[in-house]
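# Architecture and fold: a report
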Amino acid sequence: MSEDKTPHTKLTRRGFLKASGAIGAAAALSGTVSVAGMALADGGLSQGGNEQTFVGQCRGNCFSGCPLKVKVRDGKLVHTEHLPYPVPEYNRLCAKGYGHPQRTYSPKRLQYPMRLVGERGSGQWERITWEEAIDEICTKWKQYQAESGDTSILKNVGSCSGFKTLGMYDVLFQYMGGSSIQFGYDAAGCVALEKVIGFTETLAGNTAASSHPHAKTILMMGTNAAVAQPNTFHFLQEAQSKGGKLIHIDPVYGLTSAKCDQYVRIRPATDAALLLGMIREVIEQGWIDEDYLITATVAPYLVKESDGKFLRGSDLGIAPIEGAPDATGQATMVDRIVVWDSAKDAYGLVGEVATPALAGTYEVNGIKVSTAYQLLVEETREWTLEKASELTEIPAEVIADLTKRFAEDTPSEIYMCYGLNQYNEGHRPYHAALTLLALTGNFGKVGAGFGGLEAAIGMGFYSLPQMMIADAKPSGPVVSAAALGTVLDEKKLGDIPLDARSVFVYAHNPVANMTDRLSTIETYRKFDLVVVADMWMTDTIEQCADIVLPVCGWFEHVDVIGGVAAPFIRLQEKAIEPLFDSRDDYEIGRMLMDGMGFADKFTYTLEEYLADTMNNPTAAEMGISWDRLLDEKVIYYGEFIHGENGEFTTPTGKFEFYVENWTRSSIWEGNDLGLPIDEESNHLPHFAVPHEAWPETVGGYEMNPLAEKYPLIFTSIRNRYTTHSMYADVDWFREQVSEPTIRLSPKDAEERGIQGGDYVRAFNDRGDVVMKAEIHNGIRPGMVVYPKGWQNGDFKHGHIANLTSSWMTSAAYNFYFYDVLCEVEKWEGSVE
C-alpha cells in the first residue's frame, strides 16, 4: 500500500485537506476570517472604497523574485500583478506571480498548531493551542539540552528564502547555543566560486542589466534559463538582438535551446571535459590575455613542487610586513608571495617586481618552483580536441569553433547557474569555466564573466542585528545535510561530540527536496522531536513531524527582502491579516525565545529589527534606510561588475584559478567529518567521472557496473509552474499540468514498449515511482528527464526522490541529484 493511501484515524490527511479547503473557501468568500489589511507608512500604494493596493514580493528561490501589486478587496487578497521597478530593464513577471490568490487560500494551508498522535507518517493529528505547542517544544528542548548539551537542538532552513523575519530563528538559536544543518543544495558550485573568485555583496556575478546585453558570445551550459530564470533570460536575448550569439550546451533540447542561435548536445556530466579541451586550445592557439593573467590572477605566482603551496618570503628568510587592518581593526602581517622577475632573471616579491614571468620552471634557493600558469599548461596538455570530443560526443571541429569564437568575439561570458554541480565532484566544471574566463581576459568587465548567479543579494547592505548578540552562547556545529545520518548514528561530527536530539525545520521541505528520500525519512525519524514551521502541509510534515506550527502567508505580515536577481532592496507590506490561527516567523521566534527563558534578551520590536538591518555604514553611504524603504517601497542600489579593476575577495586578492588550499568552508559544506581531501587534484581544474551516472565505457573511463541493471541516466528540469515543491497547489497551474510526468526519448520508449500517456515505473535499488510517460524528441537516448515540483500524493506510487543518491565526495559535501542511474518499465498495476 502506498504511503499516501494509509488509513488514518482522527484528523487524516484527506480530512485535513477537505476541512481546510472548506474553511479556506469560506475565508475567501464570506469575509469571516480576515479583516482589511493595514499597510505600513502611507497605507499601501492606493486605497479607495473597499479596495486597497499594497506592495508585495513574489519569492521564487535564490535567483528569482519580483515585486508585486497586491490588490485587496473587503480584506481579501483578490489579485496580484507586476509592480514596475524603478529601473524598467528589470521588469518581468512569470506565471507564478499571478497565482498568489489561489496559493494564499490553498486548501493545503496549515490553519492551527497540531500535534502528532499516531506513528510518524500516519497522518494522525490533533489540534492544539499555540500555548500548548510552545510549552511542549520548549519543555523538551530544555530536557534535551540538560541531557545532551545545548548543541543537541538543530535548525534546518532551506536555500535563500530571502525575507528578514526568518532571522529571528537565528537569534533564538544563538541564545540557545544550538547547532544547524547546512542544506546540500548547490554547495559544490558555491564552494568553487567562493575559492576561485570570492564572494561579494552580489555573490559571483555581474548585475544583469549592466552586463548581459553587452556580451557578444554567451555559452549557456547546463541551464534552462528560458524556463528557470525568465527574469534574467531576457537580458541574454537583448544581447542576441544586438548581434551576440547564444550557444546552448546541454544533453536535453528544450525551450532555451530553441531560443538560442546554436544548440550543442553534450554527453551528461562531461562539461568539465569540454572546458578543459577549450582551455588547452586557447593556450595552444595563443589566445590568452597575458596582461590580465599577470595583473589580475595568480598566474605568475611561484608554486613549490614539494607541496603545491605558493612560495613565500618566509620560505626564503624574508620577514612578513604589516598589512591592512582586519575587520576588527587589528593589525595584520603579510607573508609576501614570490614571483620570477623576467627583467632581472631572478626571484622577487609580489608588489616589487614590475615584469613577473608568466610561464616557466625555476629553482629558488634550492626550492623547485613553477608559475601557476605553467602548471596549468602542463595539467591540460593531454586535453586535445580529440580527447574532449570523445568524452563529450561533440565533434572536435565544433569545439574548435566554439573556442575561437569565445576567445576572439568578445566580450564573452559563461552562463551556468547550478545545473552542473549535480554530478559527483560538481565543483569541477565551475573551476574549469572560471579558468577559461581568466585565460581569455573575460572577467571584471561589462559583457563578460560568470552569468547565471547574478543574485545581487546586497548582503553588505544589511547589518543583521541577530548576528551581533553580545551575550549569545557559542554556536554549535554546522552539519552538512549529506552527513546528517552519520552524525545521528555516531553522535559526533568528525571529532566533535554531537548528540542530536531535536530538529526545527522552517522555510524548507527536506523530504521532498533532499536526495534519497526514503533514507532522509529514516534519518529525520531518528530525532526525538521534529518541529516544522510552514505554511503548507508538506512531505516533511506528513512523514516526519511531531509538532506543526502554522506560518502566515507572504502577504500577511511586513518584511524586507534583498535583491534577488536584481539590485534592489524591497518592502513586503502587510496586505491582509494572518489567515486562520497562523503567525509570522518573527512572532513564532519570539514565542520560542520566551518559552526558552530569553524574553529579556532581545528587545527589538519587528519594525525596530527590520530598521536595524539597514543600520550600518555601507547602507548609510548609499542612502539606504528603513524610512526611505517605507517611503519608496523598492530601493535601487546600483550595478556591479564582479572583479572590476582586478580586485577579488580571495585570500590573495587575485583571481585564483590555482587554488592553493582546498579547505572546507562551514558556510557551504558543514564541518569536517574527517574525510581526506585530495588537495593535489583540486589545485587546478580537472575532470571527474560521475560516481554512478556513467553507463558506458568511454575515454578510458570504465562504465559503472550498475548500468547493466539500470542503463538510463536520470535528471530533472524546471517546471515553469513550480519552484521546487512550491506553487504546485495552484489550480490554474494544475489545469495546464495536471500530474507529474517523466520524459523518454523515442528510441528508449520504443525499446521498452512504452507509448506517450502510458504509466511507467522508474526504479533502481533505492526505490521507485510511478507516473505518466511523455515521449520527447529533445531527450538524448540513454536519459530520462523529470519536470520537477511534485510531492508525495501527486505520484501514483512512490516518489521521484526515492531514486536519488545521497553519495557525497569529500571535496564538497553536496547533493548530487543527477548522478543517478535507473530503469523504466511499463506499469501494469493500478493507478487509481
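Worth saying up front: this structure is predicted, and the values here are computed from it rather than measured. (Residues numbered from 1 in each chain as written. Predicted model: local features only at pLDDT ≥ 70, side-chain atom pairs only at ≥ 80, totals over all residues. Heavy atoms only, no water.)

### Some thoughts on the packing of helix α4 (residues 167-176) against helix α20 (residues 585-595)
What counts is decided by this rule: Comment: axis = line fitted to C-alpha atoms, over the contacting stretch for helices; angle = value between 0 and 180 degrees taken between N-to-C directions. Numbering of helices and strands runs from the N terminus; a helix is a DSSP stretch of H or I covering at least four residues, while a strand is a stretch of E covering at least two. Oblique is the label for every angle not falling under 35 degrees (roughly parallel), over 145 degrees (roughly antiparallel), or within 65 to 115 degrees (roughly perpendicular). Should the near helix be turned counterclockwise from the far one by less than a right angle, the crossing is left-handed, whereas a clockwise turn marks it as right-handed. In what follows, residue pairs with any heavy atoms lying within 4.5 Å of each other are defined as contacts. Gly is put with the polar residues, along with every residue not named as nonpolar or charged; the nonpolar set is Ala, Val, Leu, Ile, Met, Phe, Trp, Tyr, Cys and Pro, and the charged set is Asp, Glu, Lys and Arg.
The geometry of α4 relative to α20 is characterised by a closest axis approach of 8 Å and an angle of 15° between their N-to-C directions. Here α20 runs roughly parallel to α4, going by the angle between their axes. You can see that α4 and α20 cross each other, and the crossing is left-handed. Contacts from Met168, Tyr169, Val171, Leu172 and Tyr175 of α4 reach α20 at Asp585, Tyr586, Ile588, Gly589, Arg590, Leu592 and Met593. Tallied by class, the residues present in the contact of α4 with α20 amount to nine nonpolar, one polar and two charged.

### Thoughts on the nonpolar core
As a reminder, the rule being used: Remark: nonpolar core denotes a set of buried residues (Ala, Val, Leu, Ile, Met, Phe, Trp, Tyr, Cys) joined through side-chain atoms within 4.5 Å. When accessible area is computed with a 1.4 Å probe and restricted to protein chains, residues below 20% of their type maximum are described as buried, those above 50% as exposed, and intermediate ones as partly exposed.
Ranked by internal contacts, the top residues of the largest apolar core, which has 80 residues, are Ile414, Phe450, Phe655 and Phe657. Among the elements that line this core, the one with the most residues is helix α10 (residues 271-285), at nine residues. Core analysis: the next-biggest nonpolar cluster, separate from the first, contains 69 residues, Ile134, Val558, Tyr721 and Val730 among them.

### Structural notes on the side chain of His82
Quick note on the threshold: Any pair of nitrogen or oxygen atoms within 3.5 Å is treated as a polar contact; in protein, a donor-acceptor pairing is required on top of that, and neighbouring residues in sequence qualify only through side-chain atoms on both sides.
Residue position: His82 is located in strand β4 (residues 76-82). The buried category is assigned to His82, whose relative accessible area is 15%. Only 3.0 Å separates the side chain of His82 from the backbone oxygen of Arg92, close enough to count as a polar contact. Ignoring sequence-local partners within four residues, the contact set of His82 consists of Cys66, Pro67, Lys69, Asn91, Arg92 and Leu93.

### Let's talk about the packing of aromatic side chains
Inclusion rule: A pair of Phe, Tyr and Trp rings is counted when the ring centres sit within 6.5 Å of each other, with Trp represented by its six-membered ring. The angle between the planes then sorts it: under 30 degrees is stacked, over 60 is edge-to-face, the rest tilted.
As enumerated under the stated definition, the model contains 38 aromatic pairs in all. For the ring pair Tyr637 and Phe640, a centre distance of 6.3 Å and an interplane angle of 55° mean the geometry is tilted. Phe640 sits in the partly exposed class, given a relative accessible area of 25%. Taken together, a centroid distance of 5.3 Å and an interplanar angle of 75° make the contact between Phe687 and Tyr701 edge-to-face.

### Considerations on the pairing of strand β28 (residues 568-572)
For clarity, the cut-off: When DSSP finds two or more bridges between two strands, those strands count as paired.
Most of β28 is tucked away, with five of its five residues classed as buried. Residue alternation in β28 divides its side chains into two sets, Phe568, Arg570 and Gln572 and Ile569 and Leu571, and both sets are buried. Taken together, the three bridges between strand β27 (residues 559-561) and β28 define a ladder with antiparallel strand orientation. Note on β28: the bridge partner recorded for Val560 is Leu571. Direction of pairing for β28 relative to strand β29 (residues 634-636): antiparallel, over a ladder of three bridges. Counted as the bridge partner of Arg570 is Val634 from β29.

### Observations regarding unusual backbone geometry
A cis amide bond, omega 5°, links Thr410 with the succeeding residue Pro411. Along the chain, Pro411 turns up in the loop between α14 (396-408) and β19 (412-415). Even without being a glycine, Glu425 presents a positive backbone phi close to 55°. Note that Glu425 resides in the loop between β19 and α15 (428-439).

### Concerning the confidence of the model for the protein chain
For the record, the criterion: Confidence scores per residue from the predictor, reported as pLDDT, run from 0 to 100.
On average, residues of the protein chain score 88 in pLDDT, and 89% of them reach the 70 mark or higher. Contacts of residues 1-44 to residues separated by more than four positions or lying in other chains number 94 contacts, the stretch itself having pLDDT below 50.

### Focus: the side chain of Ser122
Mapping Ser122 onto the fold places it in the loop between β5 (114-116) and β6 (125-127). Here the side chain of Ser122 touches Glu119 through a polar contact of 2.6 Å, landing on its backbone oxygen. There is a polar contact of 3.3 Å between the side chain of Ser122 and the backbone nitrogen of Gln124.

### Points about the sheet that holds strand β12 (residues 302-304)
Taken together, three strands build an open sheet; the order of strands is β12-β18-β17 and the sheet is antiparallel. With one partner strand each, in any of the chains shown, β12 and β17 (361-364) form the two edges of the open sheet. Ignoring which end each strand starts from, the neighbouring axes of this sheet average 40° apart. Both β17 and strand β18 (residues 367-371) contribute to a ladder of four bridges, which runs antiparallel.

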